[in-house]
Amino acid sequence: MKTLPHMGSLIKQRILEKKLTFAEVCRRINIKQPVINGYFEQPTLQTKIIWKISIAIEHNLFADLIENLPENIQNAKKTSFQQTIEKQADEIKDLKKEIAIYKEILKNKL
C-alpha cells in the first residue's frame with residue numbers, strides 16, 4: 001500500500017528538480033528563508049501553502065499527492081480530460097488495426 005509522502009521533502013525535491021533557488025521560491029511566495037526551511041521539515045502542510053508553492057515553482061504538487069493514492073481512488077472520478085484521452089487511445093488502437101488490414105490488402109494485390 002502506498003503511503004503519504006513527506007510533503008516537505010517532496011517540495012524540496014521538486015524545487016531542486018526545477019533548478020530553482022530556495023531564495024527565489026521565497027521571493028515568489030513572499031516568505032523568509034527560515035520559513036521555507038521549516039516547510040522542508042514538515043511531513044504535512046496546509047493546502048494554502050501547497051497551493052502557493054505549486055504556483056511559485058510551476059508544478060502541480062497536488063498531482064504528486066494523488067499519484068500516491070491507491071489506484072482505485074486515483075481514478076474514482078474521471079475528468080472529462082481523462083475521458084477524452086481514453087477515447088482517443090481507443091480510436092488510435094482501432095485506426096492501427098485498420099491500417100494493418102489495408103497494408104495486408106495492398107500486399108496481397110501486389
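This section reports on the structure supplied with the text.

### Quick notes on the overall build of the protein
1) Next: Within the protein one finds 7 helices and 0 strands.
2) Next: At 22 Å, the protein has a C-alpha radius of gyration far larger than the 13 Å of a compact globule built from 110 residues.
3) Next: Across its three principal axes, the protein shows a C-alpha extent of roughly 75 × 30 × 25 Å.
4) Next: The buried share among the 110 residues of the protein stands at 22%.
5) Next: Relative to all contacts within the protein whose residues are 6 or more apart in sequence, the contacts with residues 24 or more apart total 59%.
6) Next: Total accessible area on the protein stands at roughly 8,600 Å², and carbon and sulfur atoms take up 58% of it.
7) Next: Measuring between centres, the 19 positive side-chain charges of the protein sit 4 Å from its 13 negative side-chain charges.

### Section: the nonpolar core
1) Next: Membership of the largest hydrophobic core comes to 18 residues, with the highest contact counts inside it found for Ile11, Ile15, Val25 and Ile53.
2) Next: Of all the elements in the fold, those that place two or more residues in this core are α1 (7-17), α2 (22-29), α3 (33-41) and α4 (47-57).
3) Next: Sort the elements by how many residues they give to this core and α4 lands first, with 5 residues.
4) Next: Among all residues touching Ile53, those that are not within four sequence positions of it are Ile11, Ile29, Tyr39 and Leu61.

### Overview of α3
Residues that lie three or four places apart on an α-helix share one face, since the helix turns once every 3.6 residues.
1) Next: Buried residues of α3: Ile36, Tyr39 and Phe40, and no others. Here the buried residues of α3 occupy an arc of 100° about the axis, which is enough to place them on one side. When the buried face of α3 is taken as reference, the exposed residues oriented beyond 90 degrees from it are Pro34 and Glu41.
2) Next: The elements touched by buried residues of α3 are α1, α2 and α4.

What counts, and at which threshold
- Residues numbered from 1 in each chain as written.
- Predicted model: local features only at pLDDT ≥ 70, side-chain atom pairs only at ≥ 80, totals over all residues.
- Heavy atoms only, no water.
- Helix = DSSP H or I, 4+ residues; strand = E, 2+ residues; numbered from the N terminus.
- Rg over C-alpha atoms; globule rule 2.2 N^0.38 Å.
- Buried < 20%, exposed > 50% of the residue type's maximum accessible area, 1.4 Å probe, protein only.
- Contact = heavy atoms within 4.5 Å.
- Areas by Shrake-Rupley, 256 points an atom, 1.4 Å probe, with all protein chains shown as cover.
- Lys, Arg positive; Asp, Glu negative; His and termini not counted.
- Charge placed at Lys NZ, Arg CZ, Asp CG, Glu CD.
- Core = buried A, V, L, I, M, F, W, Y, C linked by side-chain atoms within 4.5 Å.
- Arc of directions from axis to C-beta.

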